[in-house]
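Letter by letter, the chains look like this.
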Amino acid sequence: MSDRLHTLSGYLYEYQKSIAQPEEFWARIADSFFWRKRWNKTLKWNFQDPDVRWFEGGKLNITENIFEKQLFTLGDTPAIIWEPNDPNEASRTITYRELYEEVGKFANALKAKGIQKGDRVIIYMPMVPEAAVAMLACARIGAVHSVVFAGFSSTSLADRIIDCKAKAVLTSDGNYRGNKKIAVKAVVDEALEKAPVETVIVYQRTGQEVVMAPGRDFWWHEVIAGVSSANKAEVMDAEDMLFILYTSGSTGKPKGVVHTTAGYMVYTKYSFENVFQYSPGDIYWCTADIGWITGHSYIVYGPLLAGATTLMFEGVPTYPDAGRFWAIVEKHKVNQFYTAPTAIRALQAFGTEPIEGYDLSSLKVLGSVGEPINEEAWHWYHTHIGKGKCPIVDTWWQTETGGIMVSPLAGITPTKPAYATLPLPGIQLCIVDSEGNELTGNGVEGNLCVKFPWPSMIRTTYGDHERCRQTYFSTYKNMYFTGDGVKRDHDGYYRILGRVDDVINVSGHRMGTAEVENAINEHPLVIESAVVGYPHEVKGQGIYAYVICDMKNRTEDNLVNEIKDTVSKIIGPIAKPDKIQIVPGLPKTRSGKIMRRILRKVAEGALDSMGDTSTLLDPEVVEKIIEGRK
Ligand code: WTA
């Protein structure tokens, strides 16, 4: 049964109902799922602790809602279509029944290796269907998965293994990305030296040579060989942990955002169906990686819960050429296409030639996620990809929100370039000024908060509840603070303005400036550093690092490259600074605080609007920084 809205007035009516009677509203939606036992209390909450519980007392397994509930009608429907990196390799289609069997088999294999309900399992895999199988098999047996983006370094991987005390790592031998073959297992081996686990299961993708530790490392195909696919799903409590996903914040260490079972399930399916207006038979494609929340909610869980066909792409947008996305849209007759503004801008730079010759007439809906979409990219996407006929859903949300919070419903909500438009039913937004006063009415700008719980919201940060409280619930009383600035225009439409904290958004990837600084400081010749974001044509924001160094006998170029390598090694290539400026000092106040505002202005090139520098300990340092600007 679908809870899809069909008209603007229907949306407005539902929205009002969802605000007036949230519990009744969500109970109605939740009733269409398969429960082993119905819940007792729809919602219990307070934002002080915070303590939020949805559907308490309910018993279920999320995978039974994907499989058992739908197999009868959808057994032969493709669940996943997989498109490999190399267009000459065959694509794969996996039906719901086949996926069910694969998940059952692998769930049994995990159990045979001693993985139990509540154990944490790290998934560090390329974009292959087995990555989704791995997630679902964990959910099937009640193990908590934590997917780590396979582009992260061994150090980042080790940190995450240690933080969640993982029992096992699921990985692959290698990974194909564009014309590169990347060693994956070797990275895992390095991580395991620092962060040992009991079991490693390796999916063979590239066939490259790997080292297998006897008794610890097993091949995926061997652990499932001869194993039955019959698996009885573990019965979970509504609030049992489903997964942990690490994300960056304004302090140094990434935090493990915790999502629980029932609320996440209800909200991802509901939001998926409504935002994308998915109809049975449609082919839906989200280009994200499963290592990010977008991949969790809108490649795997949301679409599969809705019985959709979800396309998974292993490669990159520019391989073998800049027409690859459009070749895939044509080949698989994609109806809904969901990507990030950075990809749009990168492809826009190639002009319209790579699009020509491809039949994009199957497209009905275009989506955008991860960062603000600038008007120029919006129009290009609308005109050249959507041919003026596909609504663009600019979806605003976060790892912590679990699902899409603000977005047009495709074809229903009138769109406006660069606006995420209106909140989904159940989402009670609130704009506050810096003192926490709510700014009511339209035509206001401030910080974006949410003042009432929604089912897929963050429950805690793994192993450190206080950090969750501090980060999201202490800035403004009784509100969840998003960290984003926002404007509500005269029509009541929301436009997200970007982060107001020390988080930067590089190509749609969240990065904490402190995290990058910590990595830079690991270089033995670095004395101190300060990192800021600056506007970047393709990436949205680029990373600008100001570094004080002991030059020893290095040349500047030499040192800059070494620092970039250090960051790459410690976090991963995505965190490599775009610009590194060696500086003699940093602008600090008399109390020793770095004045980032000034550094941001220099990085932006806004040299004539530096503002007041009189409180600086050494104002001359600013002159020197301006002189050496990159
Ligand atoms: C930004 C990604 C503007 C925002 C789903 C948010 C956006 C952060 C949009 C979360 C959008 C995401 N318009 N900004 N449509 N979508 N953001 O956790 O700053 O990787 O706080 O989740 O991305 O990034 P995350």
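Residues numbered from 1 in each chain as written. Predicted model: local features only at pLDDT ≥ 70, side-chain atom pairs only at ≥ 80, totals over all residues. Heavy atoms only, no water.

Further remarks concern the nonpolar core. Looking at soluble globular proteins, one finds that nonpolar side chains tend to be buried together. If you look at the biggest cluster of nonpolar residues, it comprises 121 residues, and the most contacted ones within it are Trp35, Phe55, Leu99, Phe106, Phe276 and Tyr301. For phenylalanine 55, the residues in contact, after removing those within four places along its chain, are Trp26, Ala30, Trp35, Trp39, Lys41, Thr42, Ala238, Ala262, Gly263, Val266 and Pro455. (Core = buried A, V, L, I, M, F, W, Y, C linked by side-chain atoms within 4.5 Å. Buried < 20%, exposed > 50% of the residue type's maximum accessible area, 1.4 Å probe, protein only. Contact = heavy atoms within 4.5 Å.)

On the surface, Asp618, Glu620, Glu623 and Glu627 cluster together to form a negatively charged patch. Turning to its location among the elements, glutamate 620 is positioned in helix H19 (residues 620-627). (Patch = residues over 30% accessible without salt bridge, like charges linked within 9 Å, V, L, I, M, F, W, Y side chains within 5 Å. Areas by Shrake-Rupley, 256 points an atom, 1.4 Å probe, with all protein chains shown as cover. Salt bridge = Lys/Arg side-chain N within 4 Å of Asp/Glu carboxyl O. Lys, Arg positive; Asp, Glu negative; His and termini not counted. Charge placed at Lys NZ, Arg CZ, Asp CG, Glu CD. Helix = DSSP H or I, 4+ residues; strand = E, 2+ residues; numbered from the N terminus.)

In any sheet, the strands associate via hydrogen bonds between backbone groups, in a parallel or an antiparallel arrangement. Sheet architecture is open: four strands sit in the order S21-S22-S24-S25, paired in antiparallel fashion. Both outer strands of the open sheet, strand S21 (429-432) and strand S25 (494-499), are each paired with one neighbouring strand and no more. Along the sheet, successive strands turn relative to each other by an average axial angle of 45°, direction set aside. Here six bridges tie strand S22 (residues 444-450) to strand S24 (residues 480-488), and the two strands are oriented antiparallel to one another. Paired with valine 450 across the strands is tyrosine 480, a residue of S24. (Pairing = 2+ DSSP bridges. Axes fitted to C-alpha atoms, helices over the stretch in contact; angles between N-to-C directions.)

With that settled, consider the UniProt feature "domain: AMP-binding enzyme C-terminal" (unreviewed entry) in the protein chain. The positions UniProt marks with the feature "domain: AMP-binding enzyme C-terminal" (unreviewed entry) are residues 515-593. Secondary structure within residues 515-593 divides into 28% helix and 32% strand; the distance between the first and last C-alpha atoms comes to 17 Å. (UniProt positions renumbered as here; feature names shortened; annotations may be inferred.)

Going from aspartate 49 to proline 50, the amide bond is cis rather than trans, its omega being -15°. Cis rather than trans, the peptide bond between tyrosine 319 and proline 320 has omega equal to 0°. Mapped onto the elements, proline 320 comes out in the loop between strand S17 (309-313) and helix H12 (324-332). In this model, asparagine 478 sits at a positive phi of 60°, which is unusual for a non-glycine residue. Within the secondary structure, asparagine 478 sits in the loop between helix H15 (465-473) and S24. The class of asparagine 478 is partly exposed, set by a relative accessible area of 34%.

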